[in-house]
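Report on the structure
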Amino acid sequence: MNAFPPLKNDLILRAATGQPTERAPVWIMRQAGRYLPEFRKEREEHDFFTICRTPELATRVTLQPINRYDGLLDAAIIFSDILVVPQALGMVVEMLPGKGPNFPEPLVLPEDLMKLKEVVDVYEELGYVFDAITMTRKALEGRVPLFGFIGAPWTLMAYMIEGGGSTSLSKAKTWLFKYPADSHKLLQKITDVAVDFLVGQIKAGAQIVQVFESWGGELSPHDFNTFSLPYLKQIAQRVKKQLLQDGLSLVPMTIFAKGSWYAIESLSESGYDTISLDWTVDPAYAKSITKGRVTLQGNMDPSMLNGGDDAIRATVRQMLTAFGTNQRYIVNLGHGILPTIDPEATRVFLETVHSVGLELNKN
Ligand code: CP3
């Protein structure tokens, strides 16, 4: 096992496991990315997936927000992408500047499943992510814990069939409704890789992990229960079982199922420690349903960061008051930060989370 520097800030780990915290910890989905000029500079020199595949570059970019907002962020998240798993399954994925991901040969018909690799050795195909995690964990010098992550099976299936971004997901949904058995075969295949990939990330040094079901809300509650939830459960259960079998400690697991407000209750019984909420969910509603069984994370509308300092401060106060600050709560945005956000507005957000969090805890 790797020997890592001792952790100096464990607020997120405590919040995720239900222990009290002196203030609510905070991190931001997509905290390393295009809203930061230092990241855009890196991208002028390197292709997106080259950064992901080069541990020195991934480490440097992961640390950019940690260094810029020195002492204000309570976690780092490894720089990578959910689409490295379709790549590991044998698909070509490119990142088009200003457009996003593109699969030149998406899955069209069930027979295309034959094109995917039969068995994926994650150490061979995704070892560069593990190396980046180990290197970043050392470079962090224990300042904050490091998140690993994966895309959830349904979200990845949708990208693999749509071939990129989509508003209706009509092609991916055609698979669900016309070829349900093949859809389950694909979802299971992704799940198997996801379990090995997450376990590998934890072995490499990830101290907490998040599963991104970014397209959960595109499914009806019934279809979510059929095509998403069983695989999310499998991932939580199998990762924990594998870690215990290998004699390792468990790490907290977070599920972010964007748009799936209807699933909060079932998700709170699915093996995850934390449920990440988007901004359409009322904190009081989520608290009343989960009853302290899980930690809640979220959920300010990322666009609020364009609303000016006073609006940001007022919204943070309202949000922290509604969630309660000293137990079972991690502050975040309701989705990833947008490329148009001013990094100084982000600083106002983080500073307010700290000051209001401490103030409310005294009362
Ligand atoms: O700090 C971090 O969170 C960095 C690591 C990270 C990235 N993507 C880097 C990235 C993480 C955790 C992700 C997750 C991810 N990737 C998700 C789930 C989260 C969500 O937003 O719902 C999804 C759906 C993807 C797929 C993806 N990657 C899309 C749709 C895009 C293009 C649109 C966009 O938001 O930029 C990407 C590209 C991407 N992933 C960028 C970054 C920094 C920008 C690409 C560039 O630099 O050209």
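Residues numbered from 1 in each chain as written. Predicted model: local features only at pLDDT ≥ 70, side-chain atom pairs only at ≥ 80, totals over all residues.

**A word on the packing of helix H7 (residues 127–139) against helix H10 (residues 180–204)**
The relative placement of two packed helices is expressed as an angle between their axes plus a distance between the axes. Running from N to C, H7 and H10 cross one another at 30°; their axes reach a closest spacing of 8 Å. By the angle between their directions, the pair H7 and H10 is classed as roughly parallel. In this structure, H7 crosses over H10, and the sense of that crossing is right-handed. Counting all contacts with H7, which are made through Val129, Phe130, Ile133 and Thr134, the residues of H10 involved are Gly200, Gln201 and Ala204. In terms of residue class, the contact of H7 with H10 is built from four nonpolar, three polar and no charged. (Axes fitted to C-alpha atoms, helices over the stretch in contact; angles between N-to-C directions. Helix = DSSP H or I, 4+ residues; strand = E, 2+ residues; numbered from the N terminus. Parallel < 35°, antiparallel > 145°, perpendicular 65-115°, else oblique. Left-handed = near helix turned anticlockwise from the far one by under 90°. Contact = placed C-beta atoms within 7 Å. Nonpolar A, V, L, I, M, F, W, Y, C, P; charged D, E, K, R; others polar.)

**So, the site of the ligand**
Residues in close proximity to the ligand total 24 residues, the closest being Ala32, Gly33, Gly100, Phe212 and Ser214. Grouping the constituent residues of the shell around the ligand by class yields 12 nonpolar, eight polar and four charged. (Near = placed C-beta within 6 Å.)

**Digging into the nonpolar core**
Counting 114 residues, the largest nonpolar core has Val85, Phe147, Met157, Leu198 and Ala206 as its most contacted members. Looking at which element gives the most residues to this core, the answer is H10, with 11 residues. Once residues within four sequence positions are removed from consideration, Val85 is found in contact with Ile150, Gly151, Leu156, Ile190, Val193, Ala194 and Phe197. (Core = buried A, V, L, I, M, F, W, Y, C linked by C-beta atoms within 7 Å. Buried ≥ 20, exposed ≤ 12 C-beta atoms within 10 Å, placed from the backbone.)

**Quick word on the UniProt feature "domain: Uroporphyrinogen decarboxylase (URO-D)" (unreviewed entry) in the protein**
When the UniProt feature table is mapped to this numbering, "domain: Uroporphyrinogen decarboxylase (URO-D)" (unreviewed entry) covers residues 25–34. End C-alpha atoms of residues 25–34 are separated by 23 Å, and the span's content is 0% helix alongside 0% strand. (UniProt positions renumbered as here; feature names shortened; annotations may be inferred.)

**Remarks on the confidence of the model for the protein**
Should the pLDDT be low somewhere, the predicted coordinates at that spot are not to be read in detail. With 99% of its residues at a pLDDT of 70 or more, the protein has an overall mean of 97. Predicted as a complex, the structure gets a pTM of 0.97 and an ipTM equal to 0.94. (pLDDT = per-residue confidence, 0-100.)

**A short note on H10**
The end-to-end C-alpha distance of H10, which contains 25 residues, comes to 36 Å, matching closely the 36 Å that a straight helix rising 1.5 Å per residue would cover. Gly205 lies just past H10 and shows a positive phi near 135°. (Expected span 1.5 Å × (residues − 1).)

**Some words on the environment of Asp342**
For Asp342, the location among the structural elements is in the loop between strand S9 (329–333) and helix H16 (343–362). Spatially, the C-alpha atom of Asp342 lies 9.9 Å from that of Pro37, the residues being 305 residues apart in sequence.

**Observations regarding helix H12 (residues 229–245)**
Compared with an ideal rise of 1.5 Å per residue, which puts 17 residues at 24 Å, H12 spans 24 Å between its outermost C-alpha atoms and is within 8% of the ideal. Those residues of H12 that fall on the buried side of the exposure criterion are Leu229, Tyr231, Leu232, Ile235, Ala236 and Val239. Lining the buried residues of H12 we find helix H8 (153–162), H10, strand S5 (208–213), helix H11 (221–227), strand S6 (253–257) and helix H13 (264–267). Gly247 occupies a position one or two residues after H12 and carries a positive phi of about 75°.

**Observations concerning the pairing of strand S4 (residues 146–151)**
Counting buried positions along S4 gives six out of six residues, so the element sits mostly inside the fold. With burial as the criterion, each face of S4 is covered, one bearing Leu146, Gly148 and Ile150 and the other bearing Phe147, Phe149 and Gly151. Examined bridge by bridge, strand S1 (residues 76–77) and S4 share two bridges and lie parallel to one another. Within the sheet, the bridge partner assigned to Ile77 lies in S4 and is Phe147. Here S4 pairs with S5 via five bridges, running parallel. Its bridge partner being in S5, Ile150 is matched across the sheet by Val211. (Pairing = 2+ DSSP bridges.)

**Brief notes about the pairing of S6**
Where burial is concerned, most of S6 is hidden: five out of the five residues are buried. Side-chain alternation along S6 places Met253, Ile255 and Ala257 on one buried face and Thr254 and Phe256 on a second face that is also buried. In this sheet, S6 lies alongside S5 in parallel orientation, the contact comprising five bridges. Bridge pairing in S6 places Val209 opposite Met253.

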